[in-house]
Amino acid sequence: MVYKSNFNIANAKAAIAKSKSSNQRSEFRAADIFLKIYNENPRWAASAPGRVNLIGDHTDYNDGFVLPMALDRRTTIVAGPSGDKKVTLHDLTVGETASFSLGAKVTCGEPPWSNYVRGVIAGFQNLNLPLVGFNAVLHSTVPLGGGLSSSAALEVATATLLEAMIRQKLDPVKKALLCQKAEHDYAGVRCGIMDQFISVMGHKNHLLLLDCRTRETKLVAMSDPSVEVLIVNTNLRHKLTDGEYGKRRAQCEAAASALKVPALRDATMKMLKAATRQIDPLIFRRARHVISENSRTKRAAKSFSSGDWRKVGELMYASHASLRDDYEVSCPELDAVVEIAQAIGVTGGVMGCRMTGGGFGGCAVALVKTAQVEAITRRVTEDYQQRTNIIPTLFVSCAGDGATTIKS
Ligand code: GLA
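Residues numbered from 1 in each chain as written. Predicted model: local features only at pLDDT ≥ 70, side-chain atom pairs only at ≥ 80, totals over all residues. Heavy atoms only, no water.

**Remarks on the pairing of strand β12 (residues 393-397)**
Then, number 1: Taking burial as the measure, the five residues of β12 include five buried ones, the bulk of the element.
Then, number 2: Neither face of β12 is left uncovered, since the one carrying Thr 393, Phe 395 and Ser 397 and the one carrying Leu 394 and Val 396 both have all their residues buried.
Then, number 3: In this structure, strand β9 (residues 227-233) lies alongside β12, joined through five bridges in antiparallel fashion. Looking at β12, one finds that Asn 233 is bridged to Thr 393. (Buried < 20%, exposed > 50% of the residue type's maximum accessible area, 1.4 Å probe, protein only. Helix = DSSP H or I, 4+ residues; strand = E, 2+ residues; numbered from the N terminus. Pairing = 2+ DSSP bridges.)

**With respect to the pattern of salt bridges**
Then, number 1: By the definition in use, this model includes 21 salt bridges.
Then, number 2: With its nearest N and O atoms 3.0 Å apart, the salt bridge here joins Arg 286 to Glu 328. One end of the pair, Arg 286, is in helix α8 (residues 281-306); the other, Glu 328, is in the loop between α9 (309-325) and α10 (332-344), with 42 residues separating them in the sequence.
Then, number 3: Its salt-bridge partner being Asp 383, residue Arg 379 comes within 2.9 Å of it at the nearest N-O pair. Here Arg 379 pairs with Asp 383, and both are found in helix α11 (residues 373-388), just four residues apart, close to one helical turn.
Then, number 4: Residues joined in a network through salt bridges with shared partners are Asp 57, Glu 293, Arg 296 and Arg 354. (Salt bridge = Lys/Arg side-chain N within 4 Å of Asp/Glu carboxyl O.)

**Quick notes on the packing of α9 against α10**
Then, number 1: Relative to each other, α9 and α10 sit at 155°, their axes nearing to 11 Å. With respect to α10, the element α9 is oriented roughly antiparallel. You can see that α9 and α10 cross each other, and the crossing is left-handed. Only Leu 334, Asp 335, Val 338, Ala 341 and Gln 342 of α10 make contact with α9, whose side of the interface consists of Tyr 317, His 320 and Arg 324. (Axes fitted to C-alpha atoms, helices over the stretch in contact; angles between N-to-C directions. Parallel < 35°, antiparallel > 145°, perpendicular 65-115°, else oblique. Left-handed = near helix turned anticlockwise from the far one by under 90°. Contact = heavy atoms within 4.5 Å.)

**Looking at the sheet that holds strand β3 (residues 68-81)**
Then, number 1: Here six strands make up an open sheet; going across it, the order is β5-β4-β6-β3-β1-β13 and the pairing mixed. Here the strands that pair on one side only, and so sit at the sheet edges, are β5 (96-101) and β13 (404-407). Direction aside, the axes of adjacent strands within the sheet are offset by 25° on average.
Then, number 2: By the bridge criterion, three bridges tie strand β1 (residues 44-53) to β13 in an arrangement that is antiparallel. Bridge pairing in β13 links Ser 47 to Thr 404.
Then, number 3: Lying on the sheet, helix α5 (residues 194-201) is in contact with β1 and β3; it crosses β1 at an angle near 125°.

**Considerations on the pairing of strand β4 (residues 86-91)**
Then, number 1: Counting buried residues in β4 gives five out of six residues, a clear majority hidden from the surface.
Then, number 2: Of the pairings in the sheet, the one linking β4 to β5 comprises six bridges and is antiparallel in character. Each bridged residue has a counterpart across the sheet, and for Leu 89 the counterpart in β5 is Ala 98.
Then, number 3: In textbook terms, the turn of a hairpin is the stretch between consecutive antiparallel strands, and for β4 and β5 this stretch comprises four residues, one of which, Gly 95, has a positive phi near 70°.
Then, number 4: Pairing between β4 and strand β6 (residues 134-140): five bridges, direction parallel. Pairing of Thr 88 across the sheet is with Asn 135, part of β6.

**Description of helix α2 (residues 114-126)**
Then, number 1: Over its 13 residues, α2 extends 18 Å from the first C-alpha to the last, a length consistent with the 18 Å expected when each residue adds 1.5 Å.
Then, number 2: Regarding α2, the residues found buried are Ser 114, Asn 115, Tyr 116, Val 117, Arg 118, Gly 119, Val 120, Ile 121, Ala 122, Gly 123, Phe 124 and Gln 125.
Then, number 3: Taken together, the buried residues of α2 touch β4, β5, β6, α3 (150-166) and α4 (172-187).
Then, number 4: Asn 128, located one to two residues past α2, shows a positive phi value of around 60°. (Expected span 1.5 Å × (residues − 1).)

**Side note on the sheet that holds strand β7 (residues 206-211)**
The strands that make up a sheet are held in pairs by hydrogen bonds between backbone atoms, and each pair lies either parallel or antiparallel.
Then, number 1: Across the sheet, which stays open at both edges, the three strands sit in the order β2-β7-β8 with antiparallel pairing between neighbours. Only two strands of the sheet have a single neighbouring strand rather than two, namely β2 (65-66) and β8 (217-221).
Then, number 2: The pairing of β7 with β8 spans five bridges and is antiparallel. Note on β8: the bridge partner recorded for Leu 207 is Val 220.
Then, number 3: Along the sheet, α5 contacts β2, β7 and β8; its crossing angle with β7, the most-contacted strand, is approximately 135°.

In structure tokens form, the structure reads like this:
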């Protein structure tokens, strides 16, 4: 799918208005197609956002800290009762249909994207919640495979739709964990908790500082109209299922056990340095990333709160270097975006930039001056294309709300 660059967004107000209207168009489109297929209006509708992580990557499965924000791009599902046990899903974004029965425990199946929905339904079945068969139409404005958690958006939108159907709300933490389990068991990705938590708990104009051990959350204001979050999609499809993600998790577990701590969250740089000789150099570097990233994330949350954009920017660049050199989850395309951003610099309006999410492609995130968004977008687009021969996709996002029921 190709998303056009946003050359015309000159200020935050315009960005908000635009995102609202594109999500509304998405809802209308899904409802309209539903009406055309089933000759009636949908009875239920729900939506959930994708996310961009400002800092704190590969820390969530180490019981650490993350600082994501919910995007203003969302996945919407509209649905109505099928009258029997059958579930039929039409995904307008990929143009495919899936169907299965609720007669027994829902299992994995085709097409692959349906597993995110199947996994969440299975989670509700495990809780013995009374589901009925339904027909649904799905549409998403979250770029697919871009590392912006389109899968979490689909899981959380599904869970929110099911809540509307059974007229019962799950506890938000339980809901996020149910969606994470769906991803583990039905998509085969042993992800951490960040993506599902922010999709459930995102808050307009705020980042979410999440302690992935205690699951405590703290909202961090992100509403200064003079700065914007600019997302640069390398358009190199990122994939977490190919084993590298799992390898990193295993390496972190090895580091924690070498340091004799329950998780890398409990390790300090001092402990790591003291163990230099006993630890394999690769495992050492993995641990160094996680320990330093946790500290950067907590510091960044404070700098965001005080509007110290220069400090935030420094921490973002340091985070990227650590993910690139110690954790080795970046790639030449992501590095190119960050180098271009660095070359534009603070005078050109870029405060900081880093890869975001799992890595190996996907997106970079930059904190930029609102007044210079347009010029930055042009320059990054041109330079990136020249360096990689790939056309990137850039867009600004304000911090949106978490999942919502649109119709119940
Ligand atoms: C993916 C996973 C998250 C997190 C990030 C890296 O997005 O789904 O749980 O581990 O990678 O920070």
